[in-house]
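Each chain, written out:
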Amino acid sequence: MTIADRTDRADAFALVRTQSGAMPTSMRAIADAVLDDPGTAATTSAAELADRAGVSPATVSRFAQHLGFANFAALQRSMTRAVERGIHERRETEIHAGVSVDDDVTTVIAKVTEDVRAVMSDTRATLDPFTLEAAAIRISEARRVVLYGVGASGIVARDLHLKLERIGIASSIADDPHNALTLASVLGPKDVLVITSHSGTTVEALEVATEAKMHEATVVAITGHATSPLTHHTDHVLLGVAGAESDLRPAAMGSRMSQLAIVDALFIVVAQRTDERSRPLLARSRHAVRTHHRS
């Protein structure tokens with residue numbers, strides 16, 4: 001599946017909201033113009049949008065491509081569908097998730113939980129169900145699954161590893177780049193590598209994905225950027241989002257929540273496809289730890 005195919009089914013406005021922070025200044029001006037008036041953006045020409053944003057029409061084309069669309073026409077089709085479905089506007093709120101050092105505890109709780117709500121909403125809008133299902137099929141049929149992520153993304157990779165182990169799917173978690181490269185080097189066409197990297201630019205993640213593809217393994221990426229370098233080395237891209245960022249709340253915190261939601265959805269679809277085997281194994285695992293819970 002191409003990047004254009006993936007983004008063609010996504011909510012364009014959610015992509016703009018979640019990816020504009022990493023754009024150059026000229027593209028952020030376009031993003032602001034789109035989000036300020038979604039209805040107009042869905043019907044205006046590239047030249048008119050460029051004029052509103054104070055940039056060149058060529059920049060509008062690059063803006064669409066940065067989001068993963070083939071061209072502005074493809075982006076506009078996605079915006080039109082979002083407007084028709086009524087999902088183009090995020091619910092306004094008085095809470096903004098940029099936590100400051102002077103915020104009291106009540107405000108911190110409100111901002112963080114509001115950011116999580118917004119992240120979940122945008123994750124739902126950007127995550128393509130067809131791609132998720134395709135990734136789940138490959139994982140459910142895999143001879144072996146290897147998972148790898150750096151930093152906060154490594155926590156997400158480990159979470160999926162533990163889930164897959166509970167339903168009898170052979171899974172390995174790589175603890176460091178050398179271990180990850182070693183595991184990737186022995187994968188083959190019947191195996192799957194799942195990489196978690198919000199930026200999609202982490203050098204270690206790129207090296208591991210490249211190694212796995214060299215040996216014809218299926219590579220699944222959980223990332224926040226549809227056109228990041230990592231996506232050029234993967235078969236299935238599951239798009240997440242980062243949420244609001246501040247000095248006290250880096251992007252890794254918001255992206256982790258999005259990635260964990262994706263992992264949960266992915267695991268459930270895998271479990272559904274392997275229900276005959278998964279259901280009794282889940283029951284056995286719950287039974288095994290029953291004595292470690294106090295009633």
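Throughout, residues of each chain are indexed from 1 in the direction in which the sequence is written. Thresholds applied to this predicted model are a pLDDT of at least 70 for local features of residues and 80 or more for the giving and counting of side-chain atom pairs; totals over whole chains, interfaces and linings are not thresholded and use all residues. With hydrogens and water excluded, all non-hydrogen atoms of the structure serve as input to the side-chain values.

**Digging into the side chain of Ser-171**
Helix and strand assignments come from DSSP, with helices taken as H or I runs of at least 4 residues and strands as E runs of at least 2, each series counted from the N terminus. Topologically, Ser-171 is positioned in strand β2 (residues 171–173). Residue Ser-171 is classed as buried on the basis of its relative accessible area of 9%. Two N or O atoms count as a polar contact when they lie within 3.5 Å, although within protein this holds only if one can serve as hydrogen donor and the other as acceptor, and sequence-adjacent residues are included solely when both atoms are side-chain atoms. Engagement of the side chain of Ser-171 in a polar contact is seen with the side chain of His-161, the distance being 2.9 Å. If we skip the residues at most four places from it in the chain, Ser-171 touches Val-145, Leu-147, His-161, Leu-164 and Glu-165. Exposure categories follow from relative accessible area, calculated using a 1.4 Å probe and restricted to protein chains: below 20% of the type maximum is buried, above 50% is exposed, and the middle band is partly exposed. Two residues form a contact once any of their heavy atoms are found within 4.5 Å.

**Digging into the pattern of salt bridges**
Where charged atoms from two side chains of opposite charge approach closely, those side chains can pair. Here, a salt bridge means any side-chain nitrogen of Lys or Arg that lies within 4 Å of a carboxyl oxygen of Asp or Glu. With the rule as written, the count across this model stands at nine salt bridges. Across the pair Asp-235 and Lys-213 runs a salt bridge, and its minimum N-O distance is 2.9 Å. Of the two residues, Asp-235 is situated in the loop between β4 (218–223) and β5 (236–239) and Lys-213 in helix α12 (residues 203–214); the sequence distance between them amounts to 22 residues. Note that Arg-279 and Asp-275 form a salt bridge whose closest N and O atoms lie 3.1 Å from each other. One end of the pair, Arg-279, and the other, Asp-275, are both in helix α14 (residues 275–288), four residues apart, so they sit about a helical turn from each other. Each member of the salt-bridge network shares a partner with another, and the members are Asp-159, Lys-163 and Asp-264.

**Re the nonpolar core**
Ranked by internal contacts, the top residues of the largest apolar core, which has 29 residues, are Ile-30, Val-34, Phe-63, Leu-67, Phe-69, Leu-75 and Met-79. Listed in part, the 28 residues of the second largest apolar core include Leu-127, Ala-136, Val-194 and Val-269. We call a set of buried Ala, Val, Leu, Ile, Met, Phe, Trp, Tyr and Cys residues a nonpolar core when their side-chain atoms join them within 4.5 Å.

**Here we look at the confidence of the model for the protein chain**
pLDDT measures the predictor's confidence residue by residue and takes values from 0 up to 100. Here the protein chain shows a mean pLDDT of 85. Residues at 70 or above account for 87%. Considering each helix and strand of the protein chain separately, the mean pLDDT is smallest for helix α1 (residues 3–8), with a value of 47, and largest for strand β3 (residues 191–196), with 97. Predicted confidence for residues 1–8 stays below pLDDT 50, and this span has 25 contacts to residues more than four positions away or in other chains. With pLDDT under 50 throughout, residues 91–96 is counted as low confidence; its partners more than four residues away or in other chains account for seven contacts.

**Considerations on helix α6 (residues 57–66)**
Looking only at α6, the buried set comprises Thr-59, Val-60, Phe-63 and Ala-64. All buried residues of α6 fall inside an arc of 145° around its axis, so they share one side. Following α6 by one or two positions, Gly-68 has its phi on the positive side, about 105°. Working definition: the arc comes from the directions between the helix axis and the C-beta atoms, pointing outward to the latter.

**Some words on the sheet that holds strand β1 (residues 144–149)**
Sheet architecture is open: five strands sit in the order β2-β1-β3-β4-β5, paired in parallel fashion. The open sheet has two free edges, formed respectively by β2 and β5, since each of these has just one partner strand. Strand-to-strand twist across the sheet, computed as the mean angle between neighbouring axes with direction ignored, equals 15°. Two strands are counted as paired when DSSP detects at least two bridges linking them. The pairing of β3 with β4 spans five bridges and is classified as parallel. Bridge pairing in β4 links Thr-196 to Ile-222. An axis is simply a line fitted to the C-alpha atoms; with a helix, the fit covers only the stretch in contact. Between two such axes, the angle follows the N-to-C directions and lies from 0 to 180 degrees.

**Considering unusual backbone geometry**
Of note, Glu-216 is a non-glycine position whose phi angle comes to about 70°, a positive value. With respect to the helices, strands and loops of the structure, Glu-216 is situated in the loop between α12 and β4.

**Notes on helix α5 (residues 46–53)**
What α5 keeps buried is the set Leu-49, Ala-50 and Ala-53. Around the axis of α5, the buried residues are gathered within 100° of arc, so they sit on the same side. At the exit of α5 stands Gly-54, carrying a positive phi of roughly 75°.

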